[in-house]
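# Coordinate inspection notes
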Amino acid sequence: MAPPLRLNAVAFISPQNHPILIRTFEKGDELKYHYVAHTSLDVIEEKINDPTKSNKCYLGLLYAMDDIAAYGYITPLKMKIVLALPLTDSVVRDEEVIMTFKALHLAYYHASSNPFIRLHDTPVSVGSTKWKRFRQKVDEISRAVGGGGVPS
């Protein structure tokens, strides 16, 4: 049996390529995961602009770097979600990654359905109390998947 996924970070990026939330679950590596989120945007743009690719939301493995693997997902409204998973010798099953993305997408959908929250806020306003429930839901998903880390 394959070990459960472990999330190192989750990034939510607006259709205009502005980070909405970058949640890290590894202490001291916040800047590294900001870099991962931003470099993932180039690969995501490449994949969605390729006419031979289908219009699936799940973009698969974007790239692997040092000790992490970045996976991508794009919603029908062009909201991008990037997962950073640790590189291990075990096989990462696409089904598990897709289910994680769907749970994160649903959490964002519920948070953005709140009439008192402005969509595509700046990262500073995402830290406000209005987005607190969304950050908690992302943390719950990370723990359920097997992240268990303390969010930064």
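Residues numbered from 1 in each chain as written. Predicted model: local features only at pLDDT ≥ 70, side-chain atom pairs only at ≥ 80, totals over all residues. Heavy atoms only, no water.

## Overview of the overall build of the protein
Convention followed: Each helix corresponds to a stretch of at least 4 residues labelled H or I by DSSP, and each strand to a stretch of at least 2 residues labelled E; elements are numbered beginning at the N terminus. When a residue's accessible area, from a 1.4 Å probe over protein chains only, is under 20% of the maximum for its type it is buried; when over 50% it is exposed; and in between it is partly exposed. Here, residues are in contact when the closest pair of their heavy atoms is within 4.5 Å. Residue-level accessible areas treat just the shown protein chains as cover; the underlying method is Shrake-Rupley with a 1.4 Å probe.
Looking only at helices and strands, the protein has four helices and five strands in total. Helices and strands in the protein line up, N terminus first, as β-β-α-β-β-β-α-α-α. Looking at the 152 residues of the protein, the share that counts as buried comes to 43%. A separation of at least 24 residues holds for 55% of the contacts in the protein among residues at least 6 apart in sequence. In the structure as shown, the protein presents an accessible area of about 8,500 Å², 57% of it carried by carbon and sulfur atoms.

## Observations concerning the nonpolar core
So the rule is basically this: Here, the term nonpolar core denotes a set of buried Ala, Val, Leu, Ile, Met, Phe, Trp, Tyr and Cys residues that are joined through side-chain atoms within 4.5 Å.
Judged by nonpolar contacts, the single largest core of 26 residues is most densely connected at Val10, Phe12 and Phe134. Residue assignment for this core shows that the elements contributing at least two residues are strand S1 (9-13), strand S2 (19-24), strand S4 (68-74), strand S5 (80-86), helix H2 (94-112) and helix H4 (132-145). Considering every element that reaches this core, the biggest residue donor is H2, with six residues. Discounting chain neighbours no more than four positions away, the residues touching phenylalanine 134 are Phe12, Leu21, Ala107, Tyr108 and Ala111. Ranked by size, the runner-up nonpolar core spans 19 residues in total, among them Val36, Ala37, Val43 and Ile44.

## Observations regarding the packing of aromatic side chains
Convention followed: Here a Phe, Tyr or Trp ring, Trp counted by its six-membered ring, pairs with any other such ring whose centre lies within 6.5 Å, and the pair is stacked when the planes are under 30 degrees apart, edge-to-face when over 60, and tilted otherwise.
Tallying each qualifying case throughout the model produces five aromatic pairs. On the numbers, 6.1 Å between centres and 20° between planes, the contact of phenylalanine 12 with tyrosine 108 is stacked. With phenylalanine 12 in strand S1 and tyrosine 108 in helix H2, the pair connects residues that are 96 residues apart, well separated along the chain. Its relative accessible area of 0% is what places phenylalanine 12 among the buried residues. A ring pair is formed by tyrosine 73 and phenylalanine 101, whose centres lie 5.2 Å apart and whose planes are at 15°; its orientation type is stacked. Taken together, the residues tyrosine 73 in strand S4 and phenylalanine 101 in helix H2 connect sequence positions 28 residues apart. By the burial criterion, tyrosine 73 is buried, and phenylalanine 101 matches it.

Any link to function would need more than the numbers given here.
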